[in-house]
Amino acid sequence: MSGVAWHYVLKFIITGDAAVGKSSLLIRLTDQRFLANPDPTLGVEFGSKLITIPEENKVVKLQCWDTAGTESFRSITRSYYRGAAGCLLVYDVTSRQSFVNARSWLQDVREHADPHLTCILVGNKVDLCADEDPTDPGQDPPTPADAPAKPGRRKREVTTDEAHIWAQEEGLLFVETSAKSGQNVEIAFERATRDILEKVRKGV
Ligand code: GDP
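Every residue gets a number counted from 1 within its own chain, in the order that chain's sequence is written. Whole-chain, interface and lining totals are the exception, using all residues; otherwise, since this is a predicted model, local features are given only for residues with pLDDT of at least 70 and side-chain atom pairs are given and counted only at 80 or more. In computing side-chain properties, one takes all heavy atoms of the structure into account and sets aside hydrogens as well as water.

Looking at an unreviewed UniProt entry, the protein carries the name RAB domain-containing protein, with the source organism given as Phanerochaete sordida. UniProt positions are given in the numbering used here, feature names are shortened, and annotations may be inferred rather than shown by experiment. In UniProt, the protein has this text filed under Sequence similarities (unreviewed entry): "Belongs to the small GTPase superfamily. Rab family."

Structure representation (structure tokens):
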């Protein structure tokens, strides 16, 4: 790979409801940081990152675009989707509504983006459910449904299993992440990138 800065440049878009952590995922990926109180009016718009896919012996430059606040207006234009090879469809595992709304975000992507685009469903903020059994992150916390959440904890509203099943039905990849701890953030982008490179190899 010597002498080659990168083999591919791939455009990624990050969609989903406001406040699910789209900007935070992008900051975590590109800057290895987490901001507890990011300024919502200053949504990150763009970030770039080199990743290596060792088994393909390829370096890939990811150019990632965040909706940067426009999600509340549903005014995302075609140019945002144009040329995108990958999409992170993000919801918050502690917000049922954000998971329900992921359906209409997916519809939007399907309407506007390339039909071969690789989409990964990302359940973010798993750190908020850290009192779960870590070996089975799909379980609800073992507290009565109406018990108050521990300080700093919120109850999971979307199980791993149901999100996984929906992702399979829709032909999406799936991962749960925490932009706060960094858990699975690079993995989310790597999985999608591997899938895209596989399509490239197959000539899709
Ligand atoms: P966006 O509107 O989808 O871009 O969401 P932001 O990235 O602005 O995040 C919204 C809020 O959720 C901010 O207060 C973040 O600090 C917080 N947040 C984002 N990701 C995580 C996460 O993985 N865990 C926790 N605990 N909070 C998060």
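A. Inspection of the confidence of the model for the protein at higher detail. A residue's pLDDT is the predictor's confidence in that residue, given on a scale from 0 to 100. With 79% of its residues at a pLDDT of at least 70, the protein reaches an overall mean of 85. The criterion used for residue contact is that any of the two residues' heavy atoms lie within 4.5 Å. Across residues 133-141 the pLDDT falls below 50, and counting only partners more than four positions away or on other chains, this stretch makes 16 contacts in the model. For this predicted complex, the interface confidence score (ipTM) comes to 0.99, while the overall pTM stands at 0.87.

B. Layout of the site of the ligand. Any residue with at least one heavy atom within 4 Å of a molecule or strand is counted as near it. Of all residues adjacent to the ligand, which total 20 residues, the nearest are A19, K22, S24, D127 and A179. Within the side chain of K22, an N or O atom sits 2.8 Å from an oxygen atom of the ligand. Separating an oxygen atom of the ligand from a backbone N or O atom of S23 is a distance of 2.8 Å. Calculation on the ligand without its partners gives an accessible area of 580 Å², and the protein chains cover 83% of this total. By definition, any uninterrupted DSSP run of H or I lasting at least four residues is a helix, any uninterrupted run of E lasting at least two residues is a strand, and each is numbered from the N terminus. In terms of residue count, helix α1 (residues 22-31) provides more of the shell around the ligand than any other element does, three residues in total. Note on residue categories: nonpolar means Ala, Val, Leu, Ile, Met, Phe, Trp, Tyr, Cys or Pro, charged means Asp, Glu, Lys or Arg, and polar means any other residue, Gly included. Along the lines of polarity and charge, the residues of the shell around the ligand split into nine nonpolar, five polar and six charged. Throughout this description, a polar contact denotes any pair of N or O atoms lying within 3.5 Å of each other; where both atoms belong to protein, one of them has to be capable of donating a hydrogen while the other can accept it, and for residues adjacent in sequence the pair is counted only when both atoms sit in side chains. Every accessible area reported is derived by Shrake-Rupley at a probe size of 1.4 Å, with residue values counting cover from the shown protein chains alone.

C. Structural view of the sheet that holds strand β4 (residues 84-92). Here the rule is simple: two strands pair whenever DSSP picks up at least two bridges between them. Pairing is mixed in the open sheet, where six strands are placed in the order β2-β3-β1-β4-β5-β6. The open sheet has two edge strands, β2 (46-53) and β6 (173-176), and neither has a second partner. Geometrically, the sheet is characterised by an average inter-axis angle of 25° between neighbouring strands, direction not taken into account. Both strand β1 (residues 8-16) and strand β3 (residues 58-66) contribute to a ladder of seven bridges, which runs parallel. All axes here are fitted lines through C-alpha atoms, helices being fitted over the stretch that makes contact, and every angle between N-to-C directions spans 0 to 180 degrees.

D. Seen up close, the pairing of β1. The buried fraction of β1 is high, at seven of nine residues. For β1 and β4, the ladder comprises six bridges, and the chain directions are parallel. Residue pairing for β4: F12 is matched across the bridge by G86. Three exposure classes are used, based on accessible area relative to the maximum for each residue type with a 1.4 Å probe and protein chains only: buried under 20%, partly exposed in between, and exposed over 50%.

E. A look at the nonpolar core. Only buried Ala, Val, Leu, Ile, Met, Phe, Trp, Tyr and Cys residues count toward a nonpolar core, and they belong to the same one when joined by side-chain atoms within 4.5 Å. Grouped together as the largest cluster of nonpolar side chains are 25 residues, with contacts concentrated most on L89, Y91, L121, W166 and L172. Secondary-structure elements contributing two or more residues to this core are α2 (78-81), β4, α3 (96-112), β5 (118-124) and α4 (160-170). Considering each element in turn, this core owes the most residues, five residues, to α3. If near-sequence neighbours (up to four positions away) are discounted, L172 is found in contact with L89, L106, R110, C119, L121, W166 and A167. Judged by nonpolar contacts, the second largest core, of 24 residues, contains V20, V60, V122 and V175.

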